[in-house]
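Secondary and tertiary structure notes
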Amino acid sequence: LVDILRDGVRVAWGKLVYIVVHMESRRILRPAAVEAFWNNPRPLSVSEPLRKIKAPEEMRELGSTVIRLRDCDLNGHFSSHHYADVVCEAVGYWEESPRLMQSLQIDFTSELRPGEELSVYTCTEGETRFVRGIKQDGITAFTAECVMS
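Below is a summary of the structure that appears in this document. Every value quoted in this text rests on a predicted model; they were computed, and no experiment measured them.

What follows deals with the overall build of the protein. Helices and strands together make up the secondary structure of the protein, namely two helices and nine strands. In the protein, the succession of helices and strands from N to C terminus is β-β-β-β-α-β-α-β-β-β-β. Counted over contacts in the protein with a minimum sequence separation of 6, partners at least 24 positions apart contribute 56%. For the protein, the computed accessible surface area is about 10900 Å², with 52% contributed by carbon and sulfur atoms.

This is the structure we're talking about:
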């Protein structure tokens, strides 16, 4: 858990979750597959489970962009903060003036690499805004859920 303080008062918090990827197959490994090797003060089997986003199927397309090399980390993967930028733009975070987010979750499904085209889709249900990024081959790269305050 990460606290963000202003004058000693918590104004925001975030939870960091690590994902283990098998290098050769580039597939995400379940925690049970690496639990014996994990240097964690508590067993992963009792860690808080991740809640998977259940976004609606029907979304409207906002547009597309090509992933640039400068937007990627040293391993050639689209950087996490760039995913957040895409989501913030899709949900209208910067419209008029920046607003606070009550919550933001991004579920990563398939990595984005330089040269790939990403199409961005969005929809709103009540207070919740959903964003989905789909690669040119039709594979979902990520799904996000955001609640603005």
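Resuming the write-up.
All chains considered together, the criterion is met by zero disulfides. With no disulfide of its own, Cys 146 lies 6.7 Å from the sulfur of Cys 88, the closest cysteine sulfur.

The next point concerns the side chain of Lys 135. Structurally, Lys 135 is set in strand β8 (residues 128-135). Classification of Lys 135 by relative accessible area gives buried; the value is 9%. With residues up to four places along the chain from it excluded, the contact list for Lys 135 reads Ser 110, Glu 111, Leu 112, Glu 116, Glu 117 and Ala 141.

The next point concerns the nonpolar core. Formed by 20 residues in total, the largest nonpolar core has its most connected members in Val 87, Val 91, Leu 112, Leu 118, Val 131 and Phe 142. Of all the elements in the fold, those that place two or more residues in this core are α2 (80-90), β7 (117-125) and β9 (140-148). What Val 87 contacts, discounting residues up to four positions off in sequence, is Leu 104, Ile 106, Val 131, Phe 142 and Ala 144. Counting five residues, the second largest nonpolar core, distinct from the first, contains Ala 55, Met 59, Cys 123 and Phe 130.

Our focus in this paragraph is α2. The α-helix winds at 3.6 residues per turn, so residues separated by three or four positions along the chain end up facing the same way. Within α2, the full set of buried residues consists of His 82, Tyr 83, Val 86, Val 87, Cys 88 and Ala 90. Where α2 is buried, its residues meet β5 (60-66), β6 (101-108), β7, β8 and β9. Positioned one or two residues after α2, Gly 92 has a phi angle of 80°, which is positive.

Now for the sheet that holds β9. Pairing is antiparallel in the open sheet, where five strands are placed in the order β5-β7-β8-β9-β6. At either end of the open sheet lies a strand with only one pairing partner, and these are β5 and β6. Taken pair by pair, the neighbouring strands of this sheet meet at an average axis angle of 20°, ignoring direction. In the sheet, β5 pairs with β7 via six bridges, with the strands oriented antiparallel. Along β7, the bridge assignment pairs Val 66 with Glu 117. The sheet contacts of α2 involve β5, β6, β7, β8 and β9, and relative to β6 the element is tilted by about 125°.

The rules behind each value
- Residues numbered from 1 in each chain as written.
- Predicted model: local features only at pLDDT ≥ 70, side-chain atom pairs only at ≥ 80, totals over all residues.
- Heavy atoms only, no water.
- Helix = DSSP H or I, 4+ residues; strand = E, 2+ residues; numbered from the N terminus.
- Contact = heavy atoms within 4.5 Å.
- Areas by Shrake-Rupley, 256 points an atom, 1.4 Å probe, with all protein chains shown as cover.
- Disulfide = S-S within 2.5 Å.
- Buried < 20%, exposed > 50% of the residue type's maximum accessible area, 1.4 Å probe, protein only.
- Core = buried A, V, L, I, M, F, W, Y, C linked by side-chain atoms within 4.5 Å.
- Pairing = 2+ DSSP bridges.
- Axes fitted to C-alpha atoms, helices over the stretch in contact; angles between N-to-C directions.

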